Amino acid sequence: MASDLSSLLEAEDFRKAARSYLPHVLFEYMDRGSERETALKQGRAALDRLRIVPSLLREAGPCDLSCSVLGKTLATPLIVAPTAIAGMIRPGGEARIASAAASHGIPVCLATQSIVPIEAVTKESPGNVWFQLYIWQNRQRMLDLLERVKAAGVETLVVTVDTAAQPLRHYNRRNGFSMGFRPTPRSVLDIAAHPNWAANALLKPLVQGRGIPDFPHYPEGLRPDVLRPQQDASVRLATDVTWRDIEHLRMVWKGSLVLKGLLCAEDVAQARRTGVDGIVVSTHGGRNLDSAPAVVDVLPSLADEAGNMTVIADSGIRQGSDVFKMLALGADAVMIGRLPLYGLAAAGSAGVERILHMLLEELRITMGLSGKKRISDLGMETLLGVRIQE
Ligand SMILES: Cc1cc2nc3c(=O)[nH]c(=O)nc-3n(C[C@H](O)[C@H](O)[C@H](O)COP(=O)(O)O)c2cc1C
């Protein structure tokens, strides 16, 4: 654990602390993109290209970060994005993230491929947990999972639609990692070089009789674990997902339905016609299609097309001004993926709490310095360097 939390001042400090705590294989899985990492780098470059033009001497006083998302008022425009196997970073990882986020009134979206089950996460933050769904090859098994998610009190379902093929992440192959660890001489040495992580994440659960961490949303008997990550074909990600699946989900899921991973205006229009409540404009954090456009380049036209749907944006947010920029381009709120993971690795729940605090403080400061008091004050006219792509 980073001995002195107060030395962690910006995202890169947390990232460095995460890199020294985690085995190389897990850090790369969490931190990197796909293929040549063009989407990752270009997405960041596009955020940096945008400049904020202040307009001063208007209203003074503290700013209000509240916003409206899916018909509800949120205290801040942040939502924690779904990230698979966060529970391997620290035991109970997903629940720790939820409890830290709850202290800021921030909802979390739990991944299908989490290590902590939905029932334990909703306990940490009742009413504030969303669920991310990957559509499985066997749709009936997926519907059974949805019943369980509903029974746990979840109202918002986020269906990830940008993973119709397995993305190429070469470093995972080289590291012997595929949603779990393949013991190789290199990975064993890597883990041995990170004894604190090994003791917390592997030895303690074994000694306490909790066994090898597994994927609790998979049906019993077909449940992979992190040392045997092979999935039964019926619960592999479906590669034949179409709008008919979304129409069907719209019929069976009575709560809010959100599609994650849209980057094209025609898909947004179709989502609207299908009765979807919200979209997440996302490149999956630069981890899927390596030639994907930068989110900030497509966001204005997608937000336009979205009509009354809630628009959430993510990918590449590392500081408060990034949040400001995505909101100014038309997002109602943003998701953050890696930042809470860096915080979790650096210092457990306290690290997550601190990195969320840092991001909110940076957003307040950016708003203050640019003369904005409310989220609704952020518009495209505050930005220089906007490129609008249809
Ligand atoms: C380690 C990791 C695992 C992820 N797992 C999932 C997942 O299971 N489902 C999903 O929809 N997105 C997943 N994502 C993508 C995030 O939900 C989110 O879109 C992305 O992390 C946002 O970019 P950022 O990390 O730069 O904030 C994952 C991202 C990371 C970093």
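Please refer to the structure higher up on the page.
Each value, and the rule that gives it
Residues numbered from 1 in each chain as written. Predicted model: local features only at pLDDT ≥ 70, side-chain atom pairs only at ≥ 80, totals over all residues. Heavy atoms only, no water. Helix = DSSP H or I, 4+ residues; strand = E, 2+ residues; numbered from the N terminus. Rg over C-alpha atoms; globule rule 2.2 N^0.38 Å. Buried < 20%, exposed > 50% of the residue type's maximum accessible area, 1.4 Å probe, protein only. Contact = heavy atoms within 4.5 Å. Areas by Shrake-Rupley, 256 points an atom, 1.4 Å probe, with all protein chains shown as cover. Lys, Arg positive; Asp, Glu negative; His and termini not counted. Charge placed at Lys NZ, Arg CZ, Asp CG, Glu CD. Pairing = 2+ DSSP bridges. Right-handed = clockwise from strand over helix to strand, strands pointing away. Near = heavy atom within 4 Å. Polar contact = N/O pair within 3.5 Å; in protein donor to acceptor, adjacent residues only side chain to side chain. Axes fitted to C-alpha atoms, helices over the stretch in contact; angles between N-to-C directions. 1 Å grid on protein atoms, 1.4 Å probe; cavity = no way out; pocket = protein on both sides within 12 Å on 5 of 7 lines; lining within 4 Å. Points joined across faces, edges and corners; volume = space filled by probe spheres on them. Nonpolar A, V, L, I, M, F, W, Y, C, P; charged D, E, K, R; others polar. Salt bridge = Lys/Arg side-chain N within 4 Å of Asp/Glu carboxyl O. Expected span 1.5 Å × (residues − 1). Bend = angle between axes of the 7 residues up to and from the residue.

A few points about the overall build of the protein
Here is step 1 of the chain: Along the protein, the regular secondary structure elements total 14 helices and 12 strands.
Here is step 2 of the chain: For a compact globule of 390 residues, the expected C-alpha radius of gyration is about 21 Å, and the protein comes in at 20 Å, within 12% of that figure.
Here is step 3 of the chain: A burial count over the protein gives 57% of its 390 residues as buried.
Here is step 4 of the chain: Long-range pairs, those at least 24 residues apart, make up 71% of the contacts in the protein between residues at least 6 apart in sequence.
Here is step 5 of the chain: Roughly 16,700 Å² of accessible area belongs to the protein as shown, and the carbon and sulfur atoms make up 52% of that amount.
Here is step 6 of the chain: Within the protein, one finds 44 positive and 42 negative side-chain charges whose respective centroids are separated by 4 Å.

Remarks on the pairing of strand S7 (residues 156-160)
Here is step 1 of the chain: Of all five residues that make up S7, five are buried, and the element is covered over most of its length.
Here is step 2 of the chain: Residues Thr156, Val158 and Thr160 line one face of S7 and the alternating positions Leu157 and Val159 line the opposite face, and both faces are buried.
Here is step 3 of the chain: Pairing analysis gives three bridges linking strand S6 (residues 129-133) to S7, with the strands arranged parallel. For Gln132, the partnering residue across the bridge sits in S7 and is Val158.
Here is step 4 of the chain: Running through helix H6 (residues 139-151), the crossover from S6 to the neighbouring parallel element S7 is right-handed.
Here is step 5 of the chain: Bridge count between S7 and strand S8 (residues 256-262): five bridges; the pairing is parallel. Directly across from Thr156, in S8, lies its bridge partner Ser256.

Quick notes on the site of the ligand
Here is step 1 of the chain: Around the ligand sit 23 residues, and of these Pro82, Thr160, Asp314, Gly316 and Arg338 come closest.
Here is step 2 of the chain: Taking Ala84, its main chain carries an N or O atom lying 3.0 Å from a nitrogen atom of the ligand.
Here is step 3 of the chain: Contact with the protein chains covers 98% of the free accessible surface of the ligand, which is 590 Å².

Quick look at the packing of helix H1 (residues 11-21) against helix H2 (residues 24-31)
Here is step 1 of the chain: Interhelical geometry of H1 versus H2 gives an angle of 145° and a closest axis separation of 8 Å. Packed against H1, whose contacting residues are Arg15, Ala18 and Arg19, the element H2 presents Phe27, Met30 and Asp31 at the interface.

Remarks on empty space enclosed by the protein
Here is step 1 of the chain: Under the counting rule described, the total for this entry stands at two cavities of 30 Å³ or more.
Here is step 2 of the chain: Empty space within the largest cavity amounts to approximately 80 Å³.
Here is step 3 of the chain: Along its surface, the largest cavity is lined by Val80, Ala81, Pro82, Thr83, Ala86, Glu94, Ile97, Val108, Cys109, Leu110 and Ala111.
Here is step 4 of the chain: At the level of elements, helix H4 (93-102) and strand S5 (108-110) are the ones that each hand at least two residues to the lining of the largest cavity.
Here is step 5 of the chain: The leading source of residues in the lining of the largest cavity is S5, at three residues.
Here is step 6 of the chain: Classifying every residue of the lining of the largest cavity by side-chain character gives nine nonpolar, one polar and one charged.
Here is step 7 of the chain: Here the second largest cavity defines a volume of roughly 40 Å³.
Here is step 8 of the chain: Ranked by residues supplied to the lining of the second largest cavity, first place goes to H2 with three residues.
Here is step 9 of the chain: Across the lining of the second largest cavity, the residue classes tally to eight nonpolar, no polar and no charged.

Considerations on the pattern of salt bridges
Here is step 1 of the chain: Per the counting criterion, the structure on display carries 19 salt bridges.
Here is step 2 of the chain: Glu155 is the salt-bridge partner of Lys72, the closest N and O atoms lying 2.8 Å from each other. A residue pair is termed long-range when its members are at least 10 positions apart, and Lys72 in strand S3 (residues 72-74) and Glu155 in the loop between H6 and S7 qualify at 83 residues.
Here is step 3 of the chain: Between Asp377 and Arg374 there is a salt bridge, with its nearest N and O atoms 3.8 Å apart.
Here is step 4 of the chain: Asp377 sits in the partly exposed class, given a relative accessible area of 25%.
Here is step 5 of the chain: On the basis of relative accessibility, which here comes to 32%, the residue Arg374 falls in the partly exposed class.
Here is step 6 of the chain: Among the charged side chains, a salt-bridge network with shared partners connects Glu12, Arg15 and Asp31.

Re helix H14 (residues 338-369)
Given 3.6 residues to a turn, an α-helix orients residues that are three or four positions apart in the same direction.
Here is step 1 of the chain: Here H14 contains 32 residues, and its C-alpha end-to-end distance of 26 Å is more than 12% below the 46 Å for a straight helix at 1.5 Å per residue.
Here is step 2 of the chain: If you look at H14, its biggest bend is around 140°, right at Ala347.
Here is step 3 of the chain: Of the residues trailing H14, Gly371 is marked for its positive phi of about 75°.

Quick word on the environment of Gly61
Here is step 1 of the chain: Considering the arrangement of structural elements, one finds Gly61 in the loop between strand S1 (51-52) and strand S2 (67-69).
Here is step 2 of the chain: Among the residues examined, Gly61 registers a relative accessible area of 53% and is labelled exposed.

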